[in-house]
Every structure is written in structure tokens, then in C-alpha cells.
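What follows is each chain in one-letter form.
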Amino acid sequence: MRLPTLGRLTLPATSLLVGALAWGVMSAPAYAEADNPELVPATETGAAEAATSALDQVEGILDPTAVESATPSVGDSRDLTLALRDLRLRQDDLPRAERARARALAERPPKAYGWANEQTKAFAAVVVHWDLGKTPMSHVDDAGAVADQVLATYAAAGYRAPMSDGTAGGDARLDIYLVDFGAAGHPELYGFCDASELPAQNGPYNTPAYCAFDHDFANFPQRSWIENLKVTAAHELFHATQFAYDYTEDAWFMEATATWAEDEVYDEINDNRQYLAASPLRQPGQALDQFDASGRQYGEWIFFRYLSERFPEAQGELPVIVRKIWERADSSRGPRYDSYSIQAVSRELASRGTDLRRVYAQFGAANRQPGRHYEEGSSYPKARAARSWTFSPKRHDTRWQVAKVDHLATKTVQVKPSRSMKHWRLRVVVDLPNKNRGVAAIVTTYDKRGRPTSRFVPVSKRGNGKALVAFNARKVTRVDVTLSNAGIRYGGCWRDMEHRYSCSGTPKDDNRRMRYRVIAVR
């Protein structure tokens, strides 16, 4: 994706954030789907500030005491990959006195960690590196075998292999370094991948990678060595695979799909469930495409899990749809085909005879009862209702209510019948924004066994719609009305400002005012 430039490859400048997650989303567009924003070059001052911020992010993860503003976050243990990416892309804009610090942070092992006696062992697809006396040989063999297995799984599923860096690590195979992160002062790191070289200024924006994993995961006692190794390899090697498509892609998308890959390759481990506390399941009213200090980008894997189960066609052992989305985000095919994150999702859904408006509304409705809609949903948290009513024969009208829904978010209200309401039906009336094709309303009726039946509220071009559903207390436990906003218009994409959403843009579909009224009738 093409980036605004100042001399060489540069990203839109951002101001310094408090915390360890200011790099946000960094890809640049071939074109913008809705408003075709003009690319605006960064100012020299803004570029220098952004580069200093990127340097602080890396230092804040590797040594939180080095940066006064840095604070720990949920995502710090896995955000180093994208922090290093940001620093690499911006380091030439650093003040001259800070460039040496950046170069030192961006060095690959063994130099970066002062190894005394580097050893290597070649496997089918990778070369494993370690410091003699620091890592058991059994861990070396495990790392090579697991990495080979993960990369073979991705290859069998049709993904492009990570690009070769030639002989930079000894030979053309992907280099994996086993590092004692605890001894180096950053015990919370599982691992990271980094680029061996920057992509060309004018694209394509794919690039070779190398990776580093913790050498024993002793600081992660909740799982065994081999389980931590497996999920780390699945996650980080998916980043290396992503780099072969587009190194500059939107950060939320990169992390969400890498976390999705963990669960697909090693379904029995379920390490990624820890991130569902900050996800569309628990936070349906927040936008999907976030990258922030809460670690929300990791919880967003659940959307790609939903797509995988909704469209289960597979190649090898993995669902096809996520690969197809990455192929739409592939920078190597030229600007005409280089979609960014949510554009790629939208276009892939359109190719399947549906659209993001419908699918996102169904996603929001499904998250109210994940046990009914996901293979492992009984272990997932449920999305809560924003409001709730219990109707009786005397009180059975919500009157007109207003819900304000941000882009790529949903809000659900629920209505329950009292036991005396045995011969009633429920009328749902909505008044939705008529200029936003992304909005929708779904009514879901739950029977006495908790089985859901959903239907869209048919809406006119002006946004008015109504639906009539059963509300007999003998048969119905509750009725949900899910209001969904799948608007994906962004202003100011690729401009010199700090944004955490798709294309680094300002969402133009936030705070959509949706009116609804629910009435029980005989």
C-alpha cells in the first residue's frame, strides 16, 4: 500500500501517546472505497515526533523503566512485532542522536542479546538459533518441529510462504531465535517477528521476516512449554506470513487474524480465549477495528472465527475465507487489488453473495447466545443487552427509544413476557438512518429451550421498518432487537493524524442515531 513520503518510506505521523500502544494502524491505501481521500505528506516536525513515539513504544515494551510515559498493558507481551514494524518504517525520521538507539533495538539476535556462542540447527523450513548453554537441546528440537508443522499447515491451506531473506541468517530458510527474554529484562514476551529489510518505497509492501521465541516460557506457568511454544509459533509465524502479503497492513487486522490462527492450528489449547474479556462478545458497542492499550485487537479474533464457521469451506486444515481476505489485502498484486483490512473483508463477503451489513448484524445477534452459534461457544462470554424490559398486560410498550451506535458495533435490547402474557405478539418498529447502507435491525425470538429464530426487519429506503413476531409466554422466553452499524466510511485516511481504526482514518459512521419502539399487541 502506498504511503505518504518524506524522502523515503514514511508513515502518517502520530502524536506521542501515554502507554505502550501508539502505533495504531499503519497501512496506506491503493484507493479509498467511499471518499477517496487525498494523501497528505507528513511535515518534517510531525514525522520526527511520530518516529520518536515509535522509538518510545519499543523501549516501553522492552524496558518499561526506560520511558517515563510507558505503562504496562494487556497486549504488551505480544505487541513487539508491530512496535518494531513502526520503528523500522519511521527510524530515518528520528533526530540524528536517537538513530543509534533505534538501530540497536532493531538488531536481530545474536548481537541484540549478546550471545556468547551461537548455535544453529536446520530443519525443513526453518533454521533454529540459540546460545550454547542457555537452551536445552530438546527445546531446540521442539521449536524446529513445531515451526515446521505450523508453516506446513499454512502452506497446505494455500497461504504464501514467508519471504526468504537469503543468507542473512545462514541460509534461505526462515530464521527462528530462541531467546531468554527473562534474563534480557522483558519476561512478559512470548516472542516476535521482525522484518529483515524494508519494502520498496513505491511497493509492493511485502518483505522477508525472522522470528524470536522465548527459550523456555518459564514466566508463563499457566501452560506447558510445548503449549506456549505452539500458540506462539502459530501466532508469530502467521505474522511472518502476513509480511509476505503486506508488511504495512492495518494493525488490528494483523493481530486479530494472527490470534485467530492460534486457535485454528492448535484448537485444543484455546490460549486466545483469555482475550475475549475485551472483544465484541463483551463489548458489542465498541468498534471492531480497534488497536489500543486494552489489547482489544486480540479479542477481535472472534469475528474471524465467526466468519470461519459461517463459511466453513476449508483447504488443508484451515478455513479458506481468512486467506481469501488476505489475498484481497495483498500489496504484491498492485494498487488496483490492494484493499485495506475492512475493505478486504467487505469485498470478500460481496463475492460470496452477501454483504458486511447483513453479516455484521448476524454476528451481533449470534453473540447474544454464543453457545448456539459457535462450535466452542459454551466457553465464550455472552454479549449483554444494552437495555431490558419485562412486559405485562398493563405495561407493554417501550415507547420510542434512541440508541446511538458507532461504526462496526451493535446494540441489543431485550424484551421478556410476564407469565400472564399468553396470547400476545410483539411489534418491532424501527427508524434507521436512511443515508447509511451499513445499518440493519434483527429480531431474534428465543423459545423455551433457548433456541433462537432470527429475521431482519425489512426497512424502506427512508429507514423505516417493522416486524411482527410471536410473544406468547408459554413458548417464548425473550425477544432481542439487535441494532447494527456496519458503516465503513472513513475520512482523512493516510493523513498526518493519529487514529487506531482502519486506514488510520476518522470513522464517518459513528454515533448513528437509531430509533426503535417495541409494543406487545393481541
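What comes next is a walk through the structure. Numbers given for residues are sequential positions, taken from 1 along each chain in its written order. Given that this is a predicted model, residues contribute local features only at a pLDDT of at least 70 and side-chain atom pairs are listed and counted only at 80 or more, while totals for whole chains, interfaces and linings are drawn from all residues. Side-chain numbers come from the whole structure's heavy atoms, not from hydrogens or water.

For any two helices packed against each other, the geometry comes down to the angle between their axes and how far apart the axes lie. Geometry is summarised by axes, namely lines fitted to C-alpha atoms with helices restricted to the contacting stretch, and by angles between N-to-C directions that run from 0 to 180 degrees. Segments assigned H or I by DSSP are reported as helices when at least four residues long, segments assigned E as strands when at least two residues long, and all are numbered from the N terminus. Relative orientation of the contacting elements helix H4 (residues 137–156) and helix H5 (residues 225–243) amounts to 45°, with a least axis distance of 9 Å. By the criterion of interaxial angle, the relationship of H4 to H5 is oblique. Handedness of the H4/H5 crossing: right-handed. When H4 is examined against H5, the residues His-139, Asp-142, Ala-143, Val-146, Ala-147, Val-150, Leu-151 and Tyr-154 are found in contact with a partner set consisting of Trp-225, Ile-226, Leu-229, Lys-230, Ala-233, Ala-234, Leu-237, Phe-238 and Thr-241. Residue classes follow a fixed rule: Ala, Val, Leu, Ile, Met, Phe, Trp, Tyr, Cys and Pro count as nonpolar, while Asp, Glu, Lys and Arg count as charged, and any other residue, Gly among them, counts as polar. Each residue belonging to the contact of H4 with H5 can be placed in one class, and the counts come to 13 nonpolar, 2 polar and 2 charged. Geometric relationships in this document are graded by angle, where less than 35 degrees denotes roughly parallel, more than 145 denotes roughly antiparallel, 65 to 115 denotes roughly perpendicular, and other angles denote oblique. Two helices that cross are described as forming a left-handed crossing if the nearer one is turned anticlockwise from the farther one by less than a right angle, and a right-handed crossing if clockwise. Working rule for contacts: check all heavy atoms of both residues, and any pair within 4.5 Å makes them a contact.

To count toward a patch, a residue needs a relative accessible area over 30% and no salt bridge; like charges are then connected within 9 Å, while nonpolar side chains (Val, Leu, Ile, Met, Phe, Trp, Tyr) are connected within 5 Å. Using the Shrake-Rupley algorithm and a 1.4 Å probe, accessible areas are obtained, with residue cover drawn only from the displayed protein chains. Should a side-chain nitrogen of Lys or Arg be within 4 Å of a carboxyl oxygen of Asp or Glu, the pair is scored as a salt bridge. When charges are counted, Lys and Arg contribute as positive and Asp and Glu as negative, whereas His and the chain ends are disregarded. Here the site of a charge means atom NZ of a Lys, CZ of an Arg, CG of an Asp or CD of a Glu. A surface patch of positive charge is lined by Arg-419, Lys-422, Lys-448 and Arg-474. Note on placement: Lys-422 falls in the loop between strand E12 (409–417) and strand E13 (425–431). Relative accessibility under 20% of the residue-type maximum defines a buried residue, over 50% an exposed one, and the middle range a partly exposed one, all with a 1.4 Å probe and only protein chains included. Its relative accessible area of 33% is what places Lys-422 among the partly exposed residues.

In terms of nonpolar packing, the biggest core is built from 86 residues, with Tyr-154, Leu-237, Phe-304, Leu-307, Ile-342 and Leu-356 touching the most fellow members. If you look at the next biggest cluster of nonpolar residues, it comprises 28 residues, including Phe-391, Val-439, Ala-441 and Val-518. In this text, buried Ala, Val, Leu, Ile, Met, Phe, Trp, Tyr and Cys residues form a nonpolar core when linked through side-chain atoms within 4.5 Å.

This part covers helix H6 (residues 251–265). A helix is expected to span 1.5 Å multiplied by its residue count minus one. With 15 residues, H6 extends 21 Å from end C-alpha to end C-alpha; this agrees with the ideal 21 Å at 1.5 Å per step. Burial analysis of H6 places 15 of its 15 residues in the buried class, which makes it a mostly covered element.

Right, let's talk about the sheet that holds strand E14 (residues 439–447) for a bit. For two strands to count as paired, DSSP must find a minimum of two bridges between them. The strand order across the open sheet built from 5 strands is E10-E12-E17-E14-E15, with neighbouring strands paired in mixed fashion. Single-partner strands in this sheet number two, and they are strand E10 (387–391) and strand E15 (452–456). The mean angle between the axes of side-by-side strands here comes to 20°, regardless of whether they run parallel or antiparallel. Sheet analysis places E10 next to E12, joined by 5 bridges and oriented parallel. Note on E12: the bridge partner recorded for Phe-391 is Pro-417. Helix H11 (residues 356–366) rests against E12, E14, E15 and strand E17 (476–485) of the sheet, and its axis sits at about 35° to E14.

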